Amino acid sequence: MLLRASNALKAVRLLCEQAHWEFAAPILRQLFELVINMEYLGRQPDREAAVFSYSKYGLLQTVRHQRLTLLYDEKTGRPIDTQRLAVLDQMLDETFREFRSVHDKGNVHWKPSWSGHHTRYLAEQSKHPLRADQYELMFSAWSEQAHGAPAALLDNMFPRGLPVAKVVASDDAEIIQTVTMAMTFFLELWTLLPNVPPVDHAQRLEWTNKMLAEARKHGAPFPAPSQADSTAR
């Protein structure tokens with residue numbers, strides 16, 4: 001989990017170095033989801049069982065994808081391993097019953113996640129006082145960038161004709177905020193993982209305060225809910 005987050009942080013850095021903050025935004029979305037899932041996992045009475053469920057859902061996703069790949073190959077006239085397809089079908093029928101439900105018409109529905117909950121619910125159930133605000137203020141904005149939604153393209157569709165200096169300043173603010181939130185989520189995730197060396201809390205606070213000061217100095221486009229805001233409450 002920490003390795004995934006570390007690689008995400010590296011990717012944010014590479015993109016933001018080239019001012020591509022909008023393509024780093026989906027990575028923030030992923031870091032946020034890693035954090036809220038580990039928060040939820042950590043609240044379960046049996047952590048080992050929760051880790052097993054998380055891993056098993058990952059296996060379910062892999063099996064479903066492999067099955068779909070085989071069916072596509074068959075559809076397009078390619079030879080397939082029919083025995084492997086049968087094994088995958090059997091696994092979906094028998095191995096993952098806790099994640100599936102069969103409706104009256106015989107349609108199989110799979111849980112949306114290992115926990116059975118959507119991102120909004122996990123954010124709202126978090127004990128962190130800012131998670132719901134982070135979801136409302138930022139997760140939707142990151143999703144717009146991830147999906148190339150109209151809001152993500154609006155500035156290109158209707159350019160504002162701003163001076164170059166203001167355009168650069170606006171991008172700088174977005175870049176600083178993106179990096180700040182990436183670091184914030186990375187450090188929060190680190191503290192949620194019991195089997196890695198603990199992060200020094202004083203050092204974490206120092207890093208966080210420096211990042212927030214830098215973000216405010218560059219005029220972040222909206223006040224990203226942060227650990228400092230949580231402390232102020």
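My aim in this report is to walk through the structure given alongside it, one point at a time.

What counts, and where the lines are drawn
- Residues numbered from 1 in each chain as written.
- Predicted model: local features only at pLDDT ≥ 70, side-chain atom pairs only at ≥ 80, totals over all residues.
- Heavy atoms only, no water.
- Helix = DSSP H or I, 4+ residues; strand = E, 2+ residues; numbered from the N terminus.
- Core = buried A, V, L, I, M, F, W, Y, C linked by side-chain atoms within 4.5 Å.
- Buried < 20%, exposed > 50% of the residue type's maximum accessible area, 1.4 Å probe, protein only.
- Axes fitted to C-alpha atoms, helices over the stretch in contact; angles between N-to-C directions.
- Parallel < 35°, antiparallel > 145°, perpendicular 65-115°, else oblique.
- Left-handed = near helix turned anticlockwise from the far one by under 90°.
- Contact = heavy atoms within 4.5 Å.
- Nonpolar A, V, L, I, M, F, W, Y, C, P; charged D, E, K, R; others polar.
- Salt bridge = Lys/Arg side-chain N within 4 Å of Asp/Glu carboxyl O.
- Polar contact = N/O pair within 3.5 Å; in protein donor to acceptor, adjacent residues only side chain to side chain.
- Bend = angle between axes of the 7 residues up to and from the residue.

**Details of unusual backbone geometry**
Then comes step 1: Of note in the backbone geometry, Ala-19 takes a positive phi value of approximately 65° without being a glycine.
Then comes step 2: Among the structural elements, Ala-19 can be located in the loop between helix H1 (2-17) and helix H2 (21-42).

**Topic: the nonpolar core**
When a protein is soluble and globular, its nonpolar side chains tend to lie buried together.
Then comes step 1: With 46 residues, the main nonpolar core has Leu-31, Phe-32, Trp-142, Phe-185 and Leu-189 as its most contacted residues.
Then comes step 2: Looking at this core, the elements that each hand over two or more residues are H1, H2, helix H3 (47-75), helix H4 (82-94), helix H5 (119-125), helix H6 (131-147) and helix H8 (164-192).
Then comes step 3: With 13 residues, the single largest contributor to this core is H2.

**Observations regarding the packing of H2 against H6**
Then comes step 1: Contact geometry of H2 with H6 gives a least axis separation of 8 Å together with a crossing angle of 140°. Considering their axes alone, H2 and H6 lie oblique with respect to each other. You can see that H2 and H6 cross each other, and the crossing is left-handed. Taken together, the residues of H6 that come into contact with H2 (itself represented by Trp-21, Glu-22, Ala-25, Pro-26, Leu-28, Arg-29, Phe-32, Glu-33, Val-35, Ile-36 and Glu-39) are Arg-131, Gln-134, Tyr-135, Phe-139, Trp-142, Ser-143, Gln-145, Ala-146 and His-147.
Then comes step 2: For the contact of H2 with H6, the class distribution of residues is eleven nonpolar, four polar and five charged.

**Re the pattern of salt bridges**
Pairing between side chains of opposite charge can happen when the charged atoms of each approach one another.
Then comes step 1: Per the counting criterion, the structure on display carries nine salt bridges.
Then comes step 2: In this structure, Glu-39 and Arg-131 form a salt bridge, with 2.9 Å as the shortest nitrogen-oxygen distance. Here Glu-39, found in helix H2, pairs with Arg-131, found in helix H6; they are 92 residues apart in sequence, far enough to count as distant. Each member of the pair, Glu-39 together with Arg-131, is buried.
Then comes step 3: The partner of Lys-56 in a salt bridge is Glu-98, with the nearest N and O atoms 2.8 Å apart. Separated by 42 residues along the polypeptide, Lys-56 in helix H3 and Glu-98 in the loop between H4 and strand S1 (100-102) bring together distant segments of the chain.
Then comes step 4: Accessibility expressed as a relative area gives 16% for Lys-56, which makes it buried.
Then comes step 5: Glu-98 gets classed as partly exposed once you look at its relative accessible area, which sits at 37%.

**Describing the side chain of Arg-131**
Then comes step 1: On the basis of relative accessible area, Arg-131 is assigned to the buried category, the value being 1%.
Then comes step 2: A distance of 2.8 Å separates the side chain of Arg-131 from the side chain of Gln-134, its partner in a polar contact.

**Overview of H6**
Then comes step 1: In H6, a bend of some 35° at Met-138 exceeds every other bend along the element.
Then comes step 2: Among all positions in H6, only Arg-131, Gln-134, Tyr-135, Met-138, Phe-139, Trp-142 and Ser-143 are buried.

**Here's the deal with the side chain of Ser-126**
Then comes step 1: Its place among the elements puts Ser-126 in the loop between H5 and H6.
Then comes step 2: With near-sequence residues (within four places) excluded, Ser-126 lies in contact with Glu-39, Arg-43 and Arg-131.

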